[in-house]
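Observations on chain architecture
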Amino acid sequence: MATRKRRSKEFWQRHVLALQSSGQTQGLYCATHRLSRSTFDLWKRRIAAGPPEQVIARAFVPLRVNGSPGSESLQLRWPSGVSLSLSPGCDPVWLAQVLSGLR
């Protein structure tokens, strides 16, 4: 009998964010990351239904884009001086984990 892993809200938040930036369908994303599609859907709804002030705070982030999208690297800079350079094809789950650690 297979054992079930208990995963945190943060785990699912990272995957929901990664799905949004992946360009994949939810079914393909879940299959690629070996996630239960029904559990993913449940957590996606829970996260979306979170406290309104938190949803609004996450939805609007000041962003300035220089240049155009392409095969070049991406550099993110925060007002605090933190800077992050990303290569094309960066893993979105890893990026979500890194960004959540910068909060």
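As a reminder, the structure under discussion sits directly above these lines.
Read on for an overview of the structure. Please read all numbers here as calculations on a predicted model, not as lab measurements. (Residues numbered from 1 in each chain as written. Predicted model: local features only at pLDDT ≥ 70, side-chain atom pairs only at ≥ 80, totals over all residues. Heavy atoms only, no water.)

**With respect to the packing of aromatic side chains**
Where we set the bar: The rule is short: rings of Phe, Tyr and Trp, with Trp giving its six-membered ring, pair when the centres are within 6.5 Å, and they are stacked under 30 degrees, edge-to-face over 60, tilted in between. Each helix corresponds to a stretch of at least 4 residues labelled H or I by DSSP, and each strand to a stretch of at least 2 residues labelled E; elements are numbered beginning at the N terminus. The rule is simple: take the accessible area with a 1.4 Å probe, protein chains only, and divide by the maximum for that residue type; under 20% is buried, over 50% is exposed, in between is partly exposed.
Inspection of every chain in the model, using the stated rule, returns 4 aromatic pairs. Aromatic pair Trp12 and Trp43: ring centres 6.5 Å apart, planes at 5 degrees, arrangement stacked. Of the two residues, Trp12 is situated in helix 1 (residues 9-22) and Trp43 in helix 3 (residues 37-48); the sequence distance between them amounts to 31 residues. There is no split in this pair, since Trp12 and Trp43 are both buried. On the basis of an interplanar angle of 55 degrees and a centroid distance of 6.0 Å, the ring pair of Tyr29 and Phe40 is categorised as tilted. Residue Tyr29 is found in helix 2 (residues 26-32), and its partner Phe40 is found in helix 3; the two are separated by 11 residues along the sequence. In this structure Tyr29 comes out as buried when scored by relative accessible area, which is 1%. Of the aromatic side chains, those joined through ring pairs into one cluster are Phe11, Trp12, Tyr29, Phe40 and Trp43.

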